[in-house]
Amino acid sequence: MNQEAIKTAIRELITDIAEDMDLDQAKITDDALFIDDMGLDSMALLEVLATMEKKFGISIPESEFPNITSITKCAVTVEKYLAEKGA
Amino acid sequence: MQRKRVVITGLGLITPIGCGIDTFWKAAVRGENGIRPLRNFDASEHRTKTGGEVLDFNADDYLSKSEQARMGRSSQFALAATKMALEDARIDLSQHDHSRIGISMGTTMGEPQILEQAIKIKYAANEAEKIPSTLPRQYPCASIPANIARYFSISGPHIMIPTACAAGNYAIGYAFDMIQLGKIDAAIAGGSDPFSGIAFTGFNRLLATTPDVARPFDKNRSGMAVSEGAGILFVEELDAAQKRNAPIYAEIRGYGLGCDAFKMTIPDPSGSGGIVALKRGLEHAEVSPESIDYICAHGTGTVENDKTETLIVKEVMGGRAKSISMSSIKSMIGHTMGAASAVEAAACALMLKHQIALPTINYNEPDPECDIDCIPNTARPMKLGTIISNAYAFAGNTSSLVLSALKG
Amino acid sequence: MKRKRIVITGIGTISPLGNDLNEVTASLVTPPRQTTVQTFPFHSFDKPVSCFKPASYDPVAILGKKGLRTKDDATKLLLSAAELGFKTLMEECPEERRPGLCIGTAFGSVQSIGDFLSDSIVNGVNTVNPQAFANTVINAPAGNANIRYLARNLSSTISTGFNSGLDAIIYAFDLLQRGYLEQIIAGGLEEISYYALLGCMRSGILSPTGAVRPFADDGDGIVMGEGCALFLMEPVETAQKRGALIHAEIAGCANGFDPATGRGKTSDGSAFRTVVSAACAQAEIDPGSIEFVASGASGNPAGDRLEAAGIAAAVGSGTPVVAYKSYTGECYGASGAISVLCALADMKKNRISGIPAAPYSSIGPVRPVFGGMDATIRHVLVSSFSCDGNCSAIILKKVNE
């Protein structure tokens, strides 16, 4: 799976969450920060983490949590653990 | 008209540091840790492997086999604790009008192990017909007070208030209300929750569980510990208690409820609901912040709760906040969910009786955001006149219960 | 301390009978039809199961899309009923005086609880969505409503099985007596769930034929329904001061428990009689002045027998008895509140809406009403004596406007 496909999946989830929280969807870009730029909360981030694990069949350790800050960073993290899984 | 005074005359306790009043109290004064690697629950797949299990509970000590077969672990806990409380109160129920005794219980999950059992049977056998026909009726949380009522033939006002982790305070508060309203003379009030796979999995998924032990108010606190237990109080009108020369632990002065109305799973960082509850508790009890000697904290050991609770106490107590002793017994027994505030109320009753405040164990490094006197690691003999017990919950429920040593 | 007179001044509902008092009044003349359910997220039944659901109900149309993504059916039912009944009231009331909430429900969302478990069994404990965990506490629906309306004054949940809705009203009545707050929105809520249906099937109380026949001597069980009914409760002085429309007074209420139930013992009905007597004493009326009883009979013969005997013991066997569950099915925690709603509708119309079926042979000793009849209504006893042993009674009194 390439990074663009991963990003698309994450973007779809973020859009759903943003719509549900009534956030400005124009602020959703690949490099915008989830909390500071988009206004997501910590529960939403936990859901992003959980959804990535489920969707991509990977296990992301808790220590990565601080790195889950944007769509791009998410995709990088997913790729890393997909590679580990494949190895 | 003079308000009726309501006192606590009996206690029942089921906790991970022991069942029974004396066992619990001695362990708590010693500062025993009840959070251990899980033995009865299979946590091999979970990120956290520890929790609080009640290991010395033997249902045979309290109930016949056929009685046990009719109810879940939560009801068994509640019944055992009720037996203890009635015995402790030296009450002979046969001398009382059973329609004038109330039952007011709280819980978070009710009987989750029954549902867990049923769903596992369905998946294992791939057919629902294998679920025993007697199982479904044991699931509703209403079965907990119902089992108590049936066992002791109590027909008075009867309620279950499942307001999650603050449920014990809600239940005790309502028992107090019913006595003051003249609906009942006495009540069995408290909370019960068995170890729940749903709660354990859920708190794990929220990254809210500690990997080892609970360290409330410590700078390096790492989360809460999912646990189980029950706490029951026998409460009655002061006059009646004195007339029968009952042992009196404490007087219930009043309580306050509120709600964060913020998020389902995290407290409002401004402490809105907790402030409402604490202010109302003091107001209803007609006591001033200056007269409070001790606070039994909700103190779960999560970063958010302990920081917010400190803020709440500072907001309401003002300059006195730093000098008030405020400990979390969840450092020892973990978070017993719907039983938590009932166990804490029972612990408060014991603290008032013995004039000893229980410690917050596992405390090493002060956190500037939790700058209260948490009675670190060692129990403290001190003058305890009027004290408070806080309890907060999922969905934003907040509560503060005010208790006093009995005066004159 | 003088007892406060508590009145009902607002209604919010989503039910098989409709979504406001007018629709409910009409449905008591033209009863709603049953529907069926079969498939749920993790499980399904071999064949469709009869049930009653709200007929025209679209939560998104009522609530908008925002905030609903992770909410379950129970929460949506409650939010929708609250939105239709009390949105304006909530918005216009200053935050510090906003009504508290007290919701009766037997299961909260057992669909969410069971699905959370099923998901963790099927897909592993490390893949379940943490957002779904928030729905597993029994007080989740109430908490969600407090959040939606920034209602910080009270969030209580009451769970006493079939009696939850009545007991939530009784609890709210008591808190208003204490003067803790000025107004409480109280009532009952229940969703139809796979797990509750399965539980009823396994314990043999679900009707295999899908026929609701309260008090029938050949009743074969319950048909499940879902819905929510909420009432704004406040002291009469407060209501009059703000010029509110008063639907009725809750003149008296009480609850208790019959310990003889569930143990193969025979109930003598005394616990239920004590409860009804307490409610009548509070209402300062003789049981003989009750024009009709809105019972909790559901078609489950074990429960119906208890309640029939209890009613006969409490108010005599001559008083007309109705069973609104013949219109809605067994809505569990919502059913008591829906009964109060139907009783309000009948009281306004001076009518008694009996069982909408051709008369059948009943278990006695009470005589259920079949079809509708006109009568001057001043006092209604809304009761429930469940097969679990819970006894609850509320006396509704007409208030002259």
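Residues numbered from 1 in each chain as written. Chains lettered and ligands numbered in written order. Predicted model: local features only at pLDDT ≥ 70, side-chain atom pairs only at ≥ 80, totals over all residues. Heavy atoms only, no water.

Draft legend 1. A look at the domain arrangement of chain C. All names here are of chain C. Taken domain by domain, chain C comprises domain 1 (6–241) and domain 2 (252–397). Inter-centroid distance (C-alpha atoms) of domain 1 to domain 2 is 21 Å. Taken residue by residue, the interface counts 54 residues in domain 1 and 59 residues in domain 2. Across the domain 1 to domain 2 interface the summed buried area is about 4400 Å²; carbon plus sulfur atoms make up 72%. It is Leu 28, Phe 162 and Phe 215 in domain 1 that bury the most area against domain 2; as a group they hold 23% of the surface buried on that side. Joining domain 1 to domain 2, the criterion identifies zero salt bridges. If you look at where domain 1 meets domain 2, you find 15 residue pairs in polar contact (both at pLDDT 80 or more). Counting residues per element, the ones that place at least two in the side of domain 1 that touches domain 2 are β1 (6–14), α1 (21–27), α7 (164–178), β6 (184–190), β7 (224–225) and β8 (227–235). For the side of domain 1 that touches domain 2, the per-class residue count stands at 31 nonpolar, 17 polar and six charged. (Domains from an automatic or database assignment. Contact = heavy atoms within 4.5 Å. Buried area = accessible area lost by both parts, 1.4 Å probe. Salt bridge = Lys/Arg side-chain N within 4 Å of Asp/Glu carboxyl O. Polar contact = N/O pair within 3.5 Å; in protein donor to acceptor, adjacent residues only side chain to side chain. Helix = DSSP H or I, 4+ residues; strand = E, 2+ residues; numbered from the N terminus. Nonpolar A, V, L, I, M, F, W, Y, C, P; charged D, E, K, R; others polar.)

Draft legend 2. Fine view of the interface of chain C and chain A. The interface of chain C with chain A comprises 14 residues on the first partner and 14 residues on the second. Note on chain C versus chain A: buried area summed over both sides is about 1100 Å², and carbon and sulfur give 48% of it. By the criterion of area lost to chain A, the three top residues of chain C are C:Lys66, C:Arg69 and C:Pro130, representing 47% of everything that side buries. Remark: the boundary between chain C and chain A carries three salt bridges. With its nearest N and O atoms 2.8 Å apart, the salt bridge here joins A:Glu47 to C:Arg69. Across the contact surface, chain C and chain A share eight residue pairs in polar contact (both at pLDDT 80 or more). Here the side of chain C that touches chain A is built from residues that sort into three nonpolar, seven polar and four charged.

Draft legend 3. Broad picture of the sheet that holds strand β2 (residues 35–39) of chain C. Residues and elements named next belong to chain C. The strand order β2-β3-β7 describes an open sheet built from three strands, whose pairing is mixed. Bordering the open sheet on either side are β2 and β7, each of which pairs with just one other strand. Bridge count for β2 against strand β3 (residues 44–52) is four bridges, and the pairing is antiparallel. Across the sheet, Val 37 pairs through a bridge with Val 49, a residue of β3. Against the sheet, helix α8 (residues 194–202) touches β2, β3 and β7, its axis set at about 95° to β3. (Pairing = 2+ DSSP bridges. Axes fitted to C-alpha atoms, helices over the stretch in contact; angles between N-to-C directions.)

Draft legend 4. Examining the interface of chain B and chain C more closely. Contact with chain B, which involves 75 residues of that partner, is made by 66 residues of chain C. Here chain B is connected to chain C by three salt bridges. Linking chain B with chain C are 27 residue pairs in polar contact (both at pLDDT 80 or more). Elements represented by at least two residues in the side of chain B that touches chain C include exactly α4 (112–125), α5 (143–152), β6 (158–161), α6 (167–180), α7 (197–205), β9 (250–259) and α9 (272–285) of chain B. Partitioned by chemical class, the residues of the side of chain B that touches chain C number 40 nonpolar, 18 polar and 17 charged.

Draft legend 5. Representation of the packing of aromatic side chains. Here the structure, examined in full by the defined rule, presents 22 aromatic pairs over all chains. Measuring from centroid to centroid gives 5.7 Å for C:Phe116 and C:Phe133, while their planes differ by 35°, and the two rings are tilted. Taken as a pair, C:Phe116 in helix α4 (residues 110–122) and C:Phe133 in helix α5 (residues 130–133) lie far apart in primary sequence, 17 residues in all. Residue C:Phe116 shares its accessibility class with C:Phe133, and that shared class is buried. By the ring-pair criterion, three or more aromatic residues cluster together here, those being B:Tyr139, C:Phe107, C:Phe162 and C:Tyr332. Note that C:Arg213 overlies the ring of C:Tyr360, its terminal NZ or CZ placed 4.5 Å from the centroid. (Phe/Tyr/Trp six-rings, centres within 6.5 Å; stacked < 30°, edge-to-face > 60°. Buried < 20%, exposed > 50% of the residue type's maximum accessible area, 1.4 Å probe, protein only. Lys NZ or Arg CZ within 6 Å of the ring centre and 35° of its normal.)

Draft legend 6. Molecular detail of the sheet that holds strand β15 (residues 390–397) of chain C. Residues and elements named next belong to chain C. Taken in spatial order, the 10 strands make up an open sheet running β5-β4-β6-β8-β1-β9-β15-β14-β10-β11, and their pairing is mixed. Looking at strand neighbours, the two that pair on one side only are β5 (155–158) and β11 (321–322), the edges of this open sheet. Where strand β10 (residues 292–294) lies against β11, two bridges are found, and the strand directions are parallel. When the bridges of β11 are listed, Val 293 appears paired with Val 321. Strands β4 (100–104), β5 and β6 of the sheet are contacted by helix α6 (residues 140–148), whose axis makes an angle of about 155° with β5. Packed onto the sheet, helix α13 (residues 335–349) meets β1, β6, β8, β9 (248–257), β10, β14 (379–385) and β15 and runs at close to 70° relative to β8.

Draft legend 7. Up close: the packing of α6(B) against α7(C). Relative orientation of the contacting elements α6(B) and α7(C) amounts to 65°, with a least axis distance of 10 Å. Like other packed secondary-structure pairs, α6(B) and α7(C) cross with a definite hand, here left-handed. Contact residues: B:Tyr170, B:Tyr174, B:Phe176, B:Asp177 and B:Gln180 in α6(B); C:Ile170, C:Tyr171, C:Asp174, C:Leu175 and C:Arg178 in α7(C). When the residues that make up the contact of α6(B) with α7(C) are grouped by side-chain class, the tally is six nonpolar, one polar and three charged. (Left-handed = near helix turned anticlockwise from the far one by under 90°.)

Draft legend 8. A look at the nonpolar core. Core analysis: the largest hydrophobic core is formed by 168 residues, its most contacted members being B:Ile8, B:Phe203, C:Tyr171, C:Phe231 and C:Leu396. Top contributing element to this core by residue count: helix α12 (residues 340–354) of chain B, with 10 residues. Three or more residues apiece are contributed to this core by two domains, here domain 1 (6–241) and domain 2 (252–397) of chain C. Once you skip the residues sitting within four places of it in the chain, C:Phe231 turns out to touch C:Ile8, C:Gly10, C:Ile11, C:Phe86, C:Ile169, C:Ile184, C:Ile185, C:Ala186, C:Ala337, C:Val340, C:Leu341 and C:Leu344. (Core = buried A, V, L, I, M, F, W, Y, C linked by side-chain atoms within 4.5 Å.)

Draft legend 9. Layout of the environment of C:Val399. Residues and elements named next belong to chain C. The topology assignment puts Val 399 in the segment after β15. Val 399 sits 392 residues away from Val 7 along the chain, and the two C-alpha atoms are 8.8 Å apart. Sequence-distant contacts of Val 399, defined by excluding residues within four places in its chain, comprise Ile 246, Ala 248 and Glu 249.

Draft legend 10. Focus on the pairing of strand β1 (residues 6–15) of chain B. Residue and element names in this part refer to chain B. Among the 10 residues in β1, 10 count as buried, and that is most of the element. Relative to β9, β1 runs antiparallel, the two sharing three bridges. Looking across to β9, one finds that Val 7 is bridged to Glu 251. The antiparallel hairpin formed by β1 and strand β2 (residues 18–19) contains two residues in its connecting segment.

Draft legend 11. Quick peek at α7(B). Most of α7(B) is tucked away, with nine of its nine residues classed as buried. Three or more residues of α7(B) are buried, namely B:Gly197, B:Ile198, B:Ala199, B:Phe200, B:Thr201, B:Gly202, B:Phe203, B:Asn204 and B:Arg205. Among the structural elements, α3 (42–56) of chain A, β4 (50–52) and α4 of chain B together with α4 and α5 of chain C are those in contact with the buried residues of α7(B). With a side-chain oxygen lying 3.1 Å from the backbone nitrogen of B:Ile198, the N-terminal cap of α7(B) falls on B:Ser196. Phi turns positive one or two residues past the end of α7(B), at B:Leu207, with a value near 55°.

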